[in-house]
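# Fold and geometry: a report
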Amino acid sequence: MKFIAIISLGLALLTGCSAFSPKPAGSADKVQFPLAFPEDQSKVSEPLFCSLTDKEAVRLLKQGTYYCNLEGEHRQRVCHSLAQQYREKQVWQAGWLLAYSFSDKKSCITHKERLAILNDLNQRSPQNQNRLLEWLNESQAQTLEVIDTLKADQDTLEQKIEAQTHELEELRKENAVLKSQIQALKSIERTLNKRIDDER
């Protein structure tokens, strides 16, 4: 749902083709974001979503929102169809939609396949992709890699817990045996003491 909200907000704000124009200097709500170099201003003030690749990005966002809302067998059918299109025809847009619109447990692709798709998209020629999508792909790939690391750490921790649980169980068994032996020794001691007392 967060993905849908972000896309909806993005579409509402970025569907126009006018260049970024700052508000008058006296505006109280004007926000200036820091730049590394003054000449970078042109990089962030160029028109948004006006080029062919930008329009393709908007189309993908809309299509992704549509796929996110699909449920049940319709969702699975579309997912498999996109996967086939990506694998057989190498349509990068199909891969992008797979990686973002089918990122839940009901996806037809695995976590590893999703990461592989994103890495593949990042290896493609920049001319074939929108640079904003490329940045998004890199961020998503990094997130998935962090998830992989966390899962690996969790698996290691679970293995340690399992080993310690097994060790604890063995110690409990040994403790039970020792208690039994102590009870047996006490019983022998009582018997011996009784015999000694009887002989006196």
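A brief structural summary.

Cut-off values and rules
- Residues numbered from 1 in each chain as written.
- Predicted model: local features only at pLDDT ≥ 70, side-chain atom pairs only at ≥ 80, totals over all residues.
- Heavy atoms only, no water.
- Helix = DSSP H or I, 4+ residues; strand = E, 2+ residues; numbered from the N terminus.
- Buried < 20%, exposed > 50% of the residue type's maximum accessible area, 1.4 Å probe, protein only.
- Axes fitted to C-alpha atoms, helices over the stretch in contact; angles between N-to-C directions.
- Parallel < 35°, antiparallel > 145°, perpendicular 65-115°, else oblique.
- Left-handed = near helix turned anticlockwise from the far one by under 90°.
- Contact = heavy atoms within 4.5 Å.
- Core = buried A, V, L, I, M, F, W, Y, C linked by side-chain atoms within 4.5 Å.

Looking only at helices and strands, the chain has 7 helices and 0 strands in total. In the chain, the succession of helices and strands from N to C terminus is α-α-α-α-α-α-α. The burial tally for the chain puts 24% of its 200 residues in the buried class.

Turning our attention to the packing of helix H4 (residues 72–89) against helix H5 (residues 92–101). Between two packed helices, what matters for the description is the angle formed by their axes and the separation of those axes. Relative orientation of the contacting elements H4 and H5 amounts to 140 degrees, with a least axis distance of 8 Å. Viewed along their axes, H4 and H5 adopt a mutual orientation that is oblique. With respect to the hand of their crossing, H4 and H5 are arranged in left-handed fashion. Where H4 abuts H5, its residues Arg75, Cys79, Leu82, Ala83, Gln85 and Tyr86 lie against Trp92, Ala94, Gly95, Leu97, Leu98 and Ser101.

One finds Tyr67, Leu82, Trp96, Leu98, Phe102 and Ile117 to be the most contacted residues of the largest nonpolar core, which totals 27 residues. Listing elements by their share of this core, those giving two or more residues are helix H3 (52–68), H4, H5, helix H6 (111–123) and helix H7 (131–199). The dominant element in this core, judged by the number of residues it contributes, is H5, at 7 residues. If we skip the residues at most four places from it in the chain, isoleucine 117 touches Tyr86, Gly95, Leu98, Ala99 and Ile109.

So yeah, pure geometry; function would need other evidence.
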